[in-house]
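Listed below, chain by chain, are the residues.
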Amino acid sequence: MRLIVILFLLLFAAAGIIFGALNADLVPFDFGFTRASLPKGGAMLAFLLVGWVLGGLTAWLGTSFAHQRKRRRALGDRKVASAKAA
C-alpha cells in the first residue's frame, strides 16, 4: 500500500515539475497595494496552497465552534439536571 502511495506522490510531483517548466513565463499580478511578477506554475502553486490553508482553517474553526456550543449545552443540561435532583 505504501508503495502505491509513494508512486502516486512521485507521479504528481513529476507532473508538477513538468507543468512548472512548461509554464515558466512571468505573469504580472496587481494586488492593489503592490505588484508582483511570478512564474505561472509558482503562482498557481502558491495560490493553491493559500486556498488549501484557508479552507482547512475555515473548516477547523467551524467544527471547533460547533463542538464548543454542544459542550456548553451539555454542561448546562447537566447543571440543570443536578439542580433539579438536589
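Please read all numbers here as calculations on a predicted model, not as lab measurements. (Residues numbered from 1 in each chain as written. Predicted model: local features only at pLDDT ≥ 70, side-chain atom pairs only at ≥ 80, totals over all residues. Heavy atoms only, no water.)

Novice: Describe helix H1 (residues 2-22), naming the residues involved and giving the relevant values.
Specialist: Taking 1.5 Å per residue as the helical rise, H1 with its 21 residues ought to reach 30 Å, and the 30 Å between its terminal C-alpha atoms agrees with that figure. Across the 21 residues that make up H1, only a small minority, zero, are buried. (Helix = DSSP H or I, 4+ residues; strand = E, 2+ residues; numbered from the N terminus. Expected span 1.5 Å × (residues − 1). Buried < 20%, exposed > 50% of the residue type's maximum accessible area, 1.4 Å probe, protein only.)

Novice: Tell me about the side chain of Asn23, residues and numbers included.
Specialist: Along the polypeptide, Asn23 turns up in the loop between H1 and strand E1 (26-30). For Asn23, a relative accessible area of 18% puts it in the buried group. Excluding its chain neighbours within four sequence positions, the residues that come into contact with Asn23 are Pro39, Lys40 and Gly41. (Contact = heavy atoms within 4.5 Å.)

Novice: Can you explain the pairing of E1? Please cite residues and give values.
Specialist: Among the five residues that make up E1, zero are buried, leaving the element largely open to the surroundings. Pairing of E1 with strand E2 (residues 35-39) involves five bridges; the strand directions are antiparallel. Paired with Leu26 across the two strands is Pro39, which belongs to E2. Counted along the chain from E1 to the antiparallel partner E2, the turn is four residues long, and its residue Gly32 has a positive phi close to 95°. (Pairing = 2+ DSSP bridges.)

Novice: So what about the packing of aromatic side chains? Which residues, and what values?
Specialist: Think of a pair of aromatic rings as described by two things: how far the centres are apart, and how the planes are tilted against each other in angle. Throughout the structure, instances matching the rule amount to three aromatic pairs. Seen in terms of ring centroids, Phe29 and Phe31 are 6.2 Å apart; in terms of plane orientation they differ by 15°. Their pairing is stacked. Exposure remark for Phe29: the relative accessible area of 24% places this residue in the partly exposed category. Judged by its relative accessible area of 39%, Phe31 is partly exposed. Here the aromatic cluster, defined as three or more aromatic residues joined through ring pairs, consists of Phe29, Phe31 and Phe47. (Phe/Tyr/Trp six-rings, centres within 6.5 Å; stacked < 30°, edge-to-face > 60°.)

Novice: So what about the pattern of salt bridges? Which residues, and what values?
Specialist: Counting across every chain of the model gives two salt bridges. A salt bridge links Lys40 to Asp25; the nearest nitrogen and oxygen atoms lie 3.6 Å apart. You can see Lys40 sitting in helix H2 (residues 40-85) and its partner Asp25 sitting in the loop between H1 and E1, a full 15 residues away along the chain. Overall, the relative accessible area of 41% leaves Asp25 in the partly exposed class. Asp30 serves as the salt-bridge partner of Arg35, at 3.9 Å between the closest nitrogen and oxygen. Using a relative accessible area of 53% as the deciding quantity, one classes Asp30 as exposed. (Salt bridge = Lys/Arg side-chain N within 4 Å of Asp/Glu carboxyl O.)

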